[in-house]
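Observations on chain architecture
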Amino acid sequence: MTKIDDVRDVLDKAVSEAGVPGILAELRERDQTWSEVRERSAEDRFRIGSVTKTFTATVVLQLVAENRLDLDDPVGKWLPGLVARGDEIPVRRLLNHTSGLFNYTQDQPALSTRETYTPRQLAEIAMAHPADFAPGAGWGYSNTNYVLAGMVAEQVTGRDLADEITDRVTSPLGLTATRLPRAGDETLGEPHSVHHTKLFSPDPDAEIHDASALEPSPYWAAGGMVSSAGDLLRFFEALLRGRLLPPEQQSAMFTTTPTRDWLAGAAYGLGVSSLTLSGGTEVWGMGGALFGSWTYVYGSRDGACLLAANINADWATGAWDDPGDVLTALLEAGFR
């Protein structure tokens, strides 16, 4: 069997055995691209969750390359008075999740009090909680880090992060399906499939909701973007091949820190992660999960081979415990 056959087999089992409502995958190897879907459209737009972090980190690192910002600048320099111990947390520790700051999305009651949220309000939710550890004393995945990174980018440029992402990344690369929606814009754009969610309930009989319309402001620079498989492949190909960052910032992005209580076999750089697959192959990219949407996009370090995939649900059954297991199986098939 070819690797394409192996990928097809995973897609079939995802629907027939894991019970996901739909799945899509796009594989690019050098100059050839192959895509296939189950109960989806290959052109679907979907919420990419934490893959947003890679776009945010790219903007921040471009600003560093322009000498408008330094990775060693304390957060307090750009956001005075907002962050506890802000003078002890350099921007770099935001991007590699070693700041120790509480993850504001763990406080769901606080994210249920408003129709929309400003980035400052999200940061204030985090600051109402003690830090998980002292700056630099550990590693902990925290969406707070990327809300603050997005706020720093806006302070440096005096412009909305959404505009910076458009002008610096999506427009130059021709990513027509990719955007950071503004507060109040709950739309996905067309075409899209229904985003099915059980609200991350572990109950197999939990009620299924339609999360296609979703207020993006609680996720913003940490997880609020919309994209497509084709756009994600173009973005990560350009990133992995060094087309978006100069060598110094490229090296910084791909310098990793060991992770804890996160993805198996993972290390984390600045907005990107590496995964070591069961056969020893290392792939680079990012994954993201949001209500009704689970996304992986990973590739070889040289960008010659890439795979992007999305499941329009946040559960899986049978041998796979969750959509992440399905997507890992796709990576194993695509990079064997």
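To be clear, the structure that these remarks concern was listed above.
1. Considerations on the layout of surface pockets
Roughly 980 Å³ of internal volume is contained in the largest pocket. Around the largest pocket, the lining comprises 36 residues; the ones closest to its centre are Y141, W262, G288, A289 and W294. Elements with a minimum of two residues in the lining of the largest pocket: helix 8 (220-223), strand 9 (273-276), strand 10 (282-290), strand 11 (293-299) and helix 11 (323-334). For the lining of the largest pocket, the element with the highest residue contribution is strand 10, accounting for 5 residues. Looking at the lining of the largest pocket, its residues break down into 17 nonpolar, 14 polar and 5 charged. In this structure, the second largest pocket spans a volume of roughly 230 Å³. Taken together, 16 residues line the second largest pocket, and the ones lying closest to its centre are P119, P181, R182, A183 and W220.

2. A word on the pattern of salt bridges
A complete count under the given rule lists 23 salt bridges for this structure. Its salt-bridge partner being D9, residue K13 comes within 3.3 Å of it at the nearest N-O pair. With K13 and D9 both in helix 1 (residues 3-16), this residue pair falls 4 residues apart, about one helical turn. A salt bridge links K77 to D73, with the nearest nitrogen and oxygen atoms 3.7 Å apart. Look at the salt bridges and you will find they share partners, linking E66, R68, R159, E164, D167 and R168 into a network.

3. Side note on the packing of aromatic side chains
Overall, the coordinates contain 12 aromatic pairs when judged by the stated rule. Residues W139 and Y141 carry aromatic rings whose centres are separated by 6.3 Å and whose planes lie at 50 degrees to one another, so their mutual orientation is tilted. Ring geometry for W262 and Y268: centres 5.6 Å apart, planes at 75 degrees, overall edge-to-face. For W262, a relative accessible area of 24% corresponds to the partly exposed category. With relative accessibility at 0%, the residue Y268 sits in the buried group. Taken together through their ring pairs, the aromatic side chains of W139, Y141, W262 and Y268 make up a single cluster. One cation-aromatic arrangement involves K198 over W315; the distance from NZ or CZ to the ring centre is 4.7 Å.

About the criteria used
Residues numbered from 1 in each chain as written. Predicted model: local features only at pLDDT ≥ 70, side-chain atom pairs only at ≥ 80, totals over all residues. Heavy atoms only, no water. 1 Å grid on protein atoms, 1.4 Å probe; cavity = no way out; pocket = protein on both sides within 12 Å on 5 of 7 lines; lining within 4 Å. Points joined across faces, edges and corners; volume = space filled by probe spheres on them. Helix = DSSP H or I, 4+ residues; strand = E, 2+ residues; numbered from the N terminus. Nonpolar A, V, L, I, M, F, W, Y, C, P; charged D, E, K, R; others polar. Salt bridge = Lys/Arg side-chain N within 4 Å of Asp/Glu carboxyl O. Phe/Tyr/Trp six-rings, centres within 6.5 Å; stacked < 30°, edge-to-face > 60°. Buried < 20%, exposed > 50% of the residue type's maximum accessible area, 1.4 Å probe, protein only. Lys NZ or Arg CZ within 6 Å of the ring centre and 35° of its normal.

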